[in-house]
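# Architecture and fold: a report
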Amino acid sequence: MFTVVYPGLHVLNVMGLHSPKSAITSAVIFNALIIIGLIPLALRGVRYKPSSASALLRRNLLVYGLGGLALPFVGIKLIDLIVQFLPGLK
């Protein structure tokens, strides 16, 4: 948002998003989709599988930890690629 006033901040655009408007729009759309996707998971819960604490921790860190770090970057970038072609967001 501040790259217009401070051009040096463009270095922080590590994902290479199209514009500040498309970046904000992509993040809002991504968050809305994630909330819609997580509601059934929250209502249903997760299945209990008897296992050791270390195996359970390892699995949860892999699924929810790495997934929670990687998915937003990939999702927002993909949505930004779509949003940049919409009129009015240049």
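Up top is the structure these notes are about.
### Considerations on the overall build of the chain
Along the backbone of the chain there are 2 helices and 0 strands. Since a compact globule built from 90 residues should have a radius of gyration of about 12 Å, the 18 Å found for the chain marks it as more spread out than a globular shape. Viewed in the frame of its principal axes, the chain has a C-alpha envelope of about 55 × 25 × 15 Å. Intrachain contacts of the chain at a sequence separation of at least 6 include 76% that bridge at least 24 residues. Carbon and sulfur atoms make up 76% of the accessible area of the chain, which totals about 7,200 Å².

### Looking at a nonpolar patch on the surface
A contiguous nonpolar patch, built from Val46, Leu62, Val63, Tyr64, Leu66 and Leu69 and spanning about 610 Å² of accessible area, is present on the exposed surface. Looking at where Leu69 falls in the secondary structure, it is placed in helix α2 (residues 53-83).

### Describing a positive patch on the surface
Among the surface-exposed residues, Arg44, Arg47, Lys49 and Arg59 lie close enough to one another that they form a single positively charged patch. The partly exposed category is assigned to Arg59, whose relative accessible area is 44%.

### Re the nonpolar core
It is characteristic of soluble globular proteins that their nonpolar side chains tend to be buried jointly. If you look at the biggest cluster of nonpolar residues, it comprises 6 residues: Leu17, Ala23, Phe30, Ile76, Ile79 and Val83. Put simply, the parts of the chain that give this core at least two residues each are α1 (20-44) and α2. Counting residues per element, this core draws most heavily on α2, which supplies 3 residues.

Criteria and thresholds
- Residues numbered from 1 in each chain as written.
- Predicted model: local features only at pLDDT ≥ 70, side-chain atom pairs only at ≥ 80, totals over all residues.
- Heavy atoms only, no water.
- Helix = DSSP H or I, 4+ residues; strand = E, 2+ residues; numbered from the N terminus.
- Rg over C-alpha atoms; globule rule 2.2 N^0.38 Å.
- Contact = heavy atoms within 4.5 Å.
- Areas by Shrake-Rupley, 256 points an atom, 1.4 Å probe, with all protein chains shown as cover.
- Patch = residues over 30% accessible without salt bridge, like charges linked within 9 Å, V, L, I, M, F, W, Y side chains within 5 Å.
- Salt bridge = Lys/Arg side-chain N within 4 Å of Asp/Glu carboxyl O.
- Lys, Arg positive; Asp, Glu negative; His and termini not counted.
- Charge placed at Lys NZ, Arg CZ, Asp CG, Glu CD.
- Buried < 20%, exposed > 50% of the residue type's maximum accessible area, 1.4 Å probe, protein only.
- Core = buried A, V, L, I, M, F, W, Y, C linked by side-chain atoms within 4.5 Å.

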